[in-house]
Amino acid sequence: MYAHIDLDGPAGTLRVTGHRMPTVELLRTPGTTPDDHTPIGTRDGALLTLTVDGQPAGLRPAKGRLSRRSYRVDAHVSQVRYRLVPCSYGESRLTCDGRPLGTLESTGDGRVDADWAPDATPQDQAVGTALAAAFGTGAQPWWQTAADIVGELIP
């Protein structure tokens, strides 16, 4: 299934559409200054609004610190709970209520490559694509992040 992604990071807008897919929109609060590390411009859930087919949905991006898990993003759409969490340097895995739905890859440029499970629904694909496009995918392991920090402290 093909998804059209319209991402404007500086403006803080993302819209995912596609044939037989619900429209997913993610908006950053107008007037807020975007960060340089997140495609949508923030990981602060209080500054973001998510809608799926025009209906409000819950969104909780983690702060993104040391571990890969700290870069997870949770979304609650109707009675469905999605989680996007990094699983390698460049990829993240999307789950629905703990069930694997796909592996996604996005560098933050508004493009997403995905390998979907056969039973992934159009809503699953639309929400997963939006989360990957808005927050990027992948993260380095905690030990490499820690080594980078220590390396910067040593003269």
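The following paragraphs examine the structure supplied in this document. Values in this document were obtained by computation on a predicted structure and should not be read as measured data.

Describing unusual backbone geometry
Logical step 1: Even without a glycine there, the phi angle at Arg20 is positive, about 65 degrees.
Logical step 2: Relative to the assigned elements, Arg20 resides in the loop between β2 (13–17) and β3 (24–28).
Logical step 3: For Arg20, a relative accessible area of 63% puts it in the exposed group.
Logical step 4: One non-glycine residue, Asp53, adopts positive backbone phi at about 55 degrees.
Logical step 5: Look at Asp53 and you get exposed, because its relative accessible area is 53%.

Concerning the pattern of salt bridges
Logical step 1: Counted according to the given criterion, the structure contains 4 salt bridges.
Logical step 2: Notably, a salt bridge pairs Glu25 with Arg15, separated by 2.6 Å at the nearest N-O pair. Taken together, the residues Glu25 in strand β3 and Arg15 in strand β2 connect sequence positions 10 residues apart.
Logical step 3: Since its relative accessible area comes to 36%, Arg15 is described here as partly exposed.
Logical step 4: A salt bridge links Asp109 to Arg111, with the nearest nitrogen and oxygen atoms 2.8 Å apart.
Logical step 5: Accessibility expressed as a relative area gives 41% for Asp109, which makes it partly exposed.

About the thresholds
- Residues numbered from 1 in each chain as written.
- Predicted model: local features only at pLDDT ≥ 70, side-chain atom pairs only at ≥ 80, totals over all residues.
- Heavy atoms only, no water.
- Helix = DSSP H or I, 4+ residues; strand = E, 2+ residues; numbered from the N terminus.
- Buried < 20%, exposed > 50% of the residue type's maximum accessible area, 1.4 Å probe, protein only.
- Salt bridge = Lys/Arg side-chain N within 4 Å of Asp/Glu carboxyl O.

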